[in-house]
Amino acid sequence: MTRTPLWRRAAAALAVGALALAGGATAAQAAPTIDFSTTGTLYVHKRLNPQGSLLPGDGLPAVNPPGEALADVDFVVQKIDKIDLRWTHDWDYVRTLAADPSRIEQSWLLSPVTQMTDAAGVAMFSNLEIGAYLVTEKLTPEQVASGLAPAAPFVVTVPMTHPVDLDEWLYDVHVYPKNLQSSVTKTVDDGPRQTYHVGDTIGWTLESRTPVQPTTKFVFKDALVEHLELFEGRVSVVLRGTELEPGTDFTVDADALADDNTLVVRLTDDGLAKLNAYPGNGYIMLMFSTTVVSLPEDGIITNKGAIFPNEGVSETGPGVETPEVTSRFGEIRIVKTDMDDGTLLAGAEFKVFKSDEDAEAYQADPVGQAHRALEAYANGTGELTTTFTTGADGTVRITGLRASNWQDGVYLHGEHDFQHYVVLETKAPDGYELASMTFRGIDVLYDPADPAEMPHADLEIPNAGKAQLPLTGGQIATGVFGLLGALVLAGGVLLVVRARRQGAGA
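Each value, and the rule that gives it
- Residues numbered from 1 in each chain as written.
- Predicted model: local features only at pLDDT ≥ 70, side-chain atom pairs only at ≥ 80, totals over all residues.
- Heavy atoms only, no water.
- Pairing = 2+ DSSP bridges.
- Helix = DSSP H or I, 4+ residues; strand = E, 2+ residues; numbered from the N terminus.
- Axes fitted to C-alpha atoms, helices over the stretch in contact; angles between N-to-C directions.
- Buried < 20%, exposed > 50% of the residue type's maximum accessible area, 1.4 Å probe, protein only.
- Contact = heavy atoms within 4.5 Å.
- Phe/Tyr/Trp six-rings, centres within 6.5 Å; stacked < 30°, edge-to-face > 60°.
- Lys NZ or Arg CZ within 6 Å of the ring centre and 35° of its normal.
- Salt bridge = Lys/Arg side-chain N within 4 Å of Asp/Glu carboxyl O.
- pLDDT = per-residue confidence, 0-100.

1. What about the sheet that holds strand 1 (residues 40–45)?
Spatial ordering of the open sheet is given by 6-1-12, a layout of three strands whose pairing is mixed. With one partner strand each, in any of the chains shown, strand 6 (122–128) and strand 12 (172–175) form the two edges of the open sheet. Ignoring which end each strand starts from, the neighbouring axes of this sheet average 15° apart. Here strand 1 pairs with strand 12 via four bridges, running parallel. From the neighbouring strand, Leu42 faces strand 12, where its bridge partner is Val173.

2. A look at the environment of Val423
Within the secondary structure layout, Val423 lies in strand 33 (residues 421–427). Taking relative accessible area as the criterion, Val423 reaches 0% and is therefore assigned buried. Residues Val423 and Ser355, spaced 68 residues apart in sequence, show a C-alpha to C-alpha distance of 9.5 Å. If we ignore the near neighbours within four places in the chain, the residues touching Val423 are Ile332, Ile334, Phe350, Lys351, Val352, Thr438, Phe439, Ile442 and Leu459.

3. Let's talk about the packing of aromatic side chains
The full count for this structure, using the stated rule, is six aromatic pairs. Aromatic ring contacts, followed pair by pair, group Trp406, Tyr411 and Tyr446 into a single cluster. For Arg86, the ring lying beneath its charged end belongs to Phe36, and the centroid distance is 4.2 Å. Geometry around Tyr196 places Lys354 over its ring, the cationic atom sitting 5.5 Å from the centre.

4. Quick look at the pattern of salt bridges
This structure, assessed with the given rule, holds 17 salt bridges. In this structure, Arg266 and Glu315 form a salt bridge, with 2.7 Å as the shortest nitrogen-oxygen distance. Here Arg266, found in strand 20 (residues 262–267), pairs with Glu315, found in the loop between strand 23 (305–308) and strand 24 (320–321); they are 49 residues apart in sequence, far enough to count as distant. Relative accessible area serves as the criterion here: at 31%, Arg266 is assigned to the partly exposed category. Residue classification places Glu315 among the partly exposed residues on the basis of a relative accessible area of 25%. Arg372 is the partner of Asp358 in a salt bridge, and the nearest nitrogen-oxygen pair spans 2.5 Å. Of this pair, Asp358 sits in helix 6 (residues 356–364) while Arg372 sits in the loop between helix 6 and strand 27 (376–378), and the two are 14 residues apart along the sequence. Three or more residues joined by partner-sharing salt bridges are found here, namely Glu331, Arg333, Arg397 and Glu453.

5. Comments concerning the confidence of the model for the protein
Confidence in the prediction for the protein averages 85 pLDDT; 84% of positions are at 70 or higher. Residue range residues 1–31 is modelled with pLDDT below 50. Its contacts to residues more than four positions away, or to other chains, number 67 contacts. Counting contacts from residues 476–506, a segment whose pLDDT is below 50, to residues more than four positions away or on other chains yields three contacts.

6. Some words on the sheet that holds strand 24
As summarised here, the arrangement of the five strands in space is 19-20-16-23-24, forming an open sheet in which the pairing is antiparallel. Edge positions in the open sheet fall to strand 19 (250–252) and strand 24, since each of these has one partner strand only. As judged from the two bridges shared by strand 23 and strand 24, these two strands associate in the antiparallel manner. Residue Ile307 lies in a different strand from strand 24, and its bridge partner there is Val320.

Printed below as a string of structure tokens:
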């Protein structure tokens, strides 16, 4: 009758000691049995960006732990009711759960207890019953947006085998879950030689320092706005200055692009191995290009991206986001008038060019060099065109030109850096002379004092009416020839009359 209790006590006494936490280290043997009448305390130490391999630890307080103490972070502790540390096989199962906490079913967990880290970065859970616990870090959306990546959930036992005195149990357990803070920037390349008008490409770059701890996931995500379309074949990932191999080191999620125009680039196992070879040492960048397929009404295209640097940052959330970056487009507003009385003139046609050279090439060969004229929207609507015609009100707006003083996401102060446009009148209104000059140095200006206003340039072009030709080439000539004709006719009549008279008198 006494064999079973004796066997159970022996099993408990010989149980493999409490595991060394989420690292899954082999537990040590503890000779004395656990005192199930007492309680323990769990100290969770929050350290920011520790260098090296910082696993939850061996249970003892660390001396000069690496990283910066982080306050105001919530941790949640839940006892795993399925585990009874009296039994050897349960200790073995704890090790299995520690290696993969996702195996823990929600029904196994008792009520959660939450504590926030103090100024020293420590969350203390006292009066814990003997057992195994799941520890989960809970970050606020603001903390995640700041780049803070939560530690992965882990399993700890209270007590655990003392790491030095192997015949004792440690009831005050200290753990050091690794914690990372990542940041990511985004830049835009819409400068000369690439972006002038709607239909051109814009380059974007997301850049982040490599994680200071090895990671099992690294994902870039960029939800392209409706006015942008990914330029196929222009997606690359660069790690410490070296391009990674598409398909081998990273993949592009075609479904995400098709579903909601979101660019998702994910490192493969090969790519992660290369990333983890340089913890915290260097940068990883996603570089891609988009085509501007349309414009919002204000001409402002704003975009941001995000990274998901480890399993702790859920892809269903916002991730670690970049600041917003902006590309600005505007218009040239032309008013066509009679130079004498200011009458507004319809029917004048214009083209716009990105440089003097392009305008001159077009003038020399309008057919062969027609491609040099920039495309835009006439009055902000309709199809893209290269010809812009003034309406009955004498105006036309050439909409969709990149702002002259806003480039690569920043405001330009010096005019020598501006993008200057050139306007050429290609057809005059009826009854008027064609403008004889080319309108150079036209600046589509963004006004930082009124950032919501579309950048624009105002251009008034007066036209001279056609000069009247001299009368000798017009009405006078007609009168003279009419008079001469009449005289000739009269002379003929006179000759006929005289001839008749002469005949009558014969």
